Amino acid sequence: LRLHLSSTNSTGYVGVYVNGRRDGRFRVILTLDSKQQTVGNFGTAVEGAVAYARAVGGEQARAGRAEAEARSAAAHSADPARQGQRSLAQAGIE
């Protein structure tokens, strides 16, 4: 787990902000595809930074799996041997 440090954010962490209600809590906001998603509110900036790191890690893992699946599908559809197997299977000949 890698915390995302920020030299420009007053909390010291990317995505972690002082809650506007001045209740001493910290709000974590994740931005994906120009859309903001609130991760939650936390008692300390460090707890918020950990939640942000986990959320980012989860998104990166999902994106990596999707990319790998797309590459795999493209490779399989471009493989002439696999196309022949599918054609035989569709014809009921295996």
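Everything numeric here is computed off the predicted structure, so don't read it as measured data. (Residues numbered from 1 in each chain as written. Predicted model: local features only at pLDDT ≥ 70, side-chain atom pairs only at ≥ 80, totals over all residues. Heavy atoms only, no water.)

Chemist: Teacher, can you tell me more about the environment of threonine 31 here?
Modeler: In this structure, threonine 31 sits in strand S2 (residues 26-32). You can call threonine 31 partly exposed: its relative accessible area is 47%. Between the C-alpha atom of threonine 31 and that of glycine 15, which follows or precedes it by 16 residues, the distance is 8.1 Å. (Helix = DSSP H or I, 4+ residues; strand = E, 2+ residues; numbered from the N terminus. Buried < 20%, exposed > 50% of the residue type's maximum accessible area, 1.4 Å probe, protein only.)

Chemist: Any chance you could explain the pairing of strand S3 (residues 35-42) here in plain terms?
Modeler: Relative to S3, S2 runs antiparallel, the two sharing 7 bridges. Looking across to S3, one finds that phenylalanine 26 is bridged to phenylalanine 42. Counted between consecutive antiparallel strands, the loop separating S2 from S3 contains 2 residues, among which aspartate 33 sits at a positive phi close to 50°. (Pairing = 2+ DSSP bridges.)

Chemist: What's the story with the confidence of the model for the protein chain in this structure? I'm lost.
Modeler: Confidence along the protein chain averages 80 in pLDDT terms, with 63% of residues attaining 70 or more. Here helix H2 (residues 80-90) stands out as the element of the protein chain with the lowest mean pLDDT, 58, in contrast to strand S1 (residues 16-18), whose mean of 95 is the highest. (pLDDT = per-residue confidence, 0-100.)

Chemist: Explain the nonpolar core here, please?
Modeler: As a rule of thumb, soluble globular proteins bury nonpolar side chains together. Of all hydrophobic cores here, the largest spans 10 residues; its members are Tyr13, Val16, Phe26, Val28, Leu30, Ala45, Ala49, Tyr52, Ala55 and Val56. Where this core is concerned, the elements lending two or more residues are S2 and helix H1 (45-78). Alanine 49 has contacts with Leu3, Tyr13 and Val16, leaving out every residue within four places of it along the chain. (Core = buried A, V, L, I, M, F, W, Y, C linked by side-chain atoms within 4.5 Å. Contact = heavy atoms within 4.5 Å.)

Chemist: Which parts of the structure should I look at to understand the side chain of threonine 11?
Modeler: Mapped onto the elements, threonine 11 comes out in the segment before S1. A distance of 3.3 Å separates a polar side-chain atom of threonine 11 from the backbone nitrogen of tyrosine 13. Here the side chain of threonine 11 touches valine 16 through a polar contact of 2.8 Å, landing on its backbone oxygen. (Polar contact = N/O pair within 3.5 Å; in protein donor to acceptor, adjacent residues only side chain to side chain.)

Chemist: Can you walk me through the side chain of asparagine 19 in this structure?
Modeler: Relative to the assigned elements, asparagine 19 resides in the loop between S1 and S2. Judged by its relative accessible area of 4%, asparagine 19 is buried.

Chemist: How should the sheet that holds S2 be read in this particular structure?
Modeler: Strand pairing in a sheet takes place through backbone hydrogen bonds and is either antiparallel or parallel in direction. What the 3 strands build is an open sheet, ordered S1-S2-S3; its pairing is antiparallel. The open sheet has two edge strands with one neighbour each: S1 and S3. Here the strands of the sheet are splayed against their neighbours by 30° on average, with no regard to which way each runs. As paired elements, S1 and S2 share 3 bridges and run antiparallel to each other. Looking across to S2, one finds that tyrosine 17 is bridged to arginine 27. (Axes fitted to C-alpha atoms, helices over the stretch in contact; angles between N-to-C directions.)

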